[in-house]
Amino acid sequence: MATPKVALIIPVRNGEPHMARMLPALRAQSLQLDEILIIDSASTDNSVRLWREFGARVVSIDAATFNHGGTRALAAGMVQADVLIYMTQDAIPLPPDAFKRLVAGLYAAEDIGVAYGRQVPHPEAGLLARHARAFNYPAQGRIKRRADVPELGIKTCFSSDAFCAYRADVLAEVGGFPQDVIGSEDAHVAGRMLLAGYAVHYVGDAEASHSHDYSIAEEFRRYFDIGVFYSRESWIAQEFGGAGGEGGRFVRSELRALRAAGRTLDIPGALLRSAGKFIGYRLGHLERHLPLALKRNLGMFTGYWRQP
C-alpha cells in the first residue's frame, strides 16, 4: 500500500510546562508527520506561540466549548490524512520510532481501526501512579476483537487517546467521536468499532510517558465522571460487561505492590483512595437522580475534567 498521510492532533490548554519535553521528543521521531494540528482552548501561557514556532497549525476555540468528544471530532474534520494520531499535551512519545511503531500497529491487520500505545510513568511519578501504568499498560501487546469479550470483558474496548492512532476512514465509518461526552470518548469509539467488526490493537512496543499523581479528591471527581459516562452509555456494559471485577483486581494488585515496596503504612490511605473511587463511580451512576447543586460540588459541570 502507499505510504499513509499522518496527522498529529493535540488538544491544548496552558500546556507550556510539558513542552520542554514534548517538542524535542517530536523532533526526534523517525516518522515524518504530514501535519500537526493543535486545538487550543484559550491558553493564557506561551503554548500558542511555541507551537506555531514549532511549525504546527493552531486553531483556537473558546474554552467553554471544549468537549472531549466534540473537540476531537472538530479536529478530525480539519485535517486531510489517512491516519489520525491523537495525543494529550502531557503525553511524551519516548523512543524515536514511537509513532512509526504505532502506525505499523494500526496496519498490522486489515480489520484494525484504532491502535493505542503503551503508557509508562513520567520519571517523577509516585509508586501508585507507576502501578496504575503497569496494571493498565503491560509490555505485551494484543489485538482485541469482539470475540474476546468473554475473556476480557470491559477491557476489550479499553483504549486511550492520550497516545493512539485511528484509521480516518474507519473512524468516519463508525460515526466519529461522540459530540458531547463527559470523558471516555476513546472507549466509546473503540466499542463502536468492535461492534462494527473492527479490531482494537494495543501496541506494547510503542511507548509514551504519561501518568498522573491524583489526590483522593481528584480521583473521586474523576471516577464520578467515569460513572456518569457509563451510566449514560449503558450499551457499553450491555455489550462488554461491567467494570466491577476489573476494579477489584486493580485494588488487590495495588495492595500487593505496596507490600512488595515495603510501604505497608500506606495501605490504609490506598484503601481510602479506592473507597473514594468506588463512591465517586457509584454516585456518577446515580447522577440523573442527584440535585444540580450537589452535582456541581461533585465536579460535574464545573469544567474540572472538561479541559485537555
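So, here is what we can say about the structure in this document. Here the structure is a predicted model, which is why all the values come from computation and not from measurement.

To continue, consider the nonpolar core. Leu84, Tyr86, Tyr166, Met193 and Tyr230 are the most contacted members of the largest nonpolar core, which totals 44 residues. Ranked by size, the runner-up nonpolar core spans 35 residues in total, among them Val58, Met87, Phe99 and Ala199.

A separate point is helix H4 (residues 98–106). The complete set of buried residues in H4 reads Ala98, Phe99, Leu102, Val103, Gly105 and Leu106. Relative to the axis of H4, the buried residues are bounded by an arc of 155° and lie together on one face.

With that out of the way, let us pick up unusual backbone geometry. You will see that Asn14, though not glycine, has its phi angle at about 50°, which is positive. Relative to the elements of secondary structure, Asn14 occurs in the loop between strand E1 (6–12) and helix H1 (16–27). Here the phi dihedral of Ala42 falls at roughly 55°; this positive angle occurs in a residue that is not glycine. Residue placement: Ala42 occurs in the loop between strand E2 (35–41) and helix H2 (47–54). On the basis of relative accessible area, Ala42 is assigned to the partly exposed category, the value being 35%.

Evaluation of the coordinates by the stated rule reveals 16 salt bridges. Among the salt bridges present, the one from Arg21 reaches Glu124, with a minimum N-O distance of 3.3 Å. Of this pair, Arg21 sits in helix H1 while Glu124 sits in the loop between strand E6 (112–120) and helix H5 (127–136), and the two are 103 residues apart along the sequence. Note that Asp148 is salt-bridged to Arg142, the shortest N-O span being 3.4 Å. Owing to a relative accessible area of 17%, Asp148 belongs among the buried residues under this scheme. For Arg142, a relative accessible area of 29% gives the class partly exposed. The network of salt bridges with shared partners includes Glu219, Arg222, Arg273 and Lys277.

This paragraph deals with the layout of surface pockets. Of the pockets and cavities examined, the second largest pocket occupies roughly 250 Å³. Considering the residues around the second largest pocket, the lining is formed by 13 residues, among which Asn136, Pro138, Lys144, Leu152 and Lys155 are closest to the centre. Secondary structure elements with two or more residues in the lining of the second largest pocket: H5 and strand E7 (142–144). The biggest single contributor to the lining of the second largest pocket is H5, with 3 residues. Residues that form the lining of the second largest pocket fall into these classes: 7 nonpolar, 2 polar and 4 charged.

Turning our eyes to something else, we now look at the pairing of strand E4 (residues 83–87). Where a strand is regular, its side chains alternate between the two sheet faces. The buried fraction of E4 amounts to 5 of the 5 residues, a majority that puts the element mostly inside the structure. Of the two faces of E4, the one lined by Val83, Ile85 and Met87 and the one lined by Leu84 and Tyr86 are each fully buried. Sheet topology note: the E1/E4 ladder contains 4 bridges and is parallel. In the strand pairing of E4, Ala7 is matched with Leu84. Sheet topology note: the E4/strand E8 (residues 163–167) ladder contains 5 bridges and is antiparallel. Considered in E8, the bridge of Met87 is made with Phe163.

Conventions we followed
- Residues numbered from 1 in each chain as written.
- Predicted model: local features only at pLDDT ≥ 70, side-chain atom pairs only at ≥ 80, totals over all residues.
- Heavy atoms only, no water.
- Core = buried A, V, L, I, M, F, W, Y, C linked by side-chain atoms within 4.5 Å.
- Buried < 20%, exposed > 50% of the residue type's maximum accessible area, 1.4 Å probe, protein only.
- Helix = DSSP H or I, 4+ residues; strand = E, 2+ residues; numbered from the N terminus.
- Arc of directions from axis to C-beta.
- Salt bridge = Lys/Arg side-chain N within 4 Å of Asp/Glu carboxyl O.
- 1 Å grid on protein atoms, 1.4 Å probe; cavity = no way out; pocket = protein on both sides within 12 Å on 5 of 7 lines; lining within 4 Å.
- Points joined across faces, edges and corners; volume = space filled by probe spheres on them.
- Nonpolar A, V, L, I, M, F, W, Y, C, P; charged D, E, K, R; others polar.
- Pairing = 2+ DSSP bridges.

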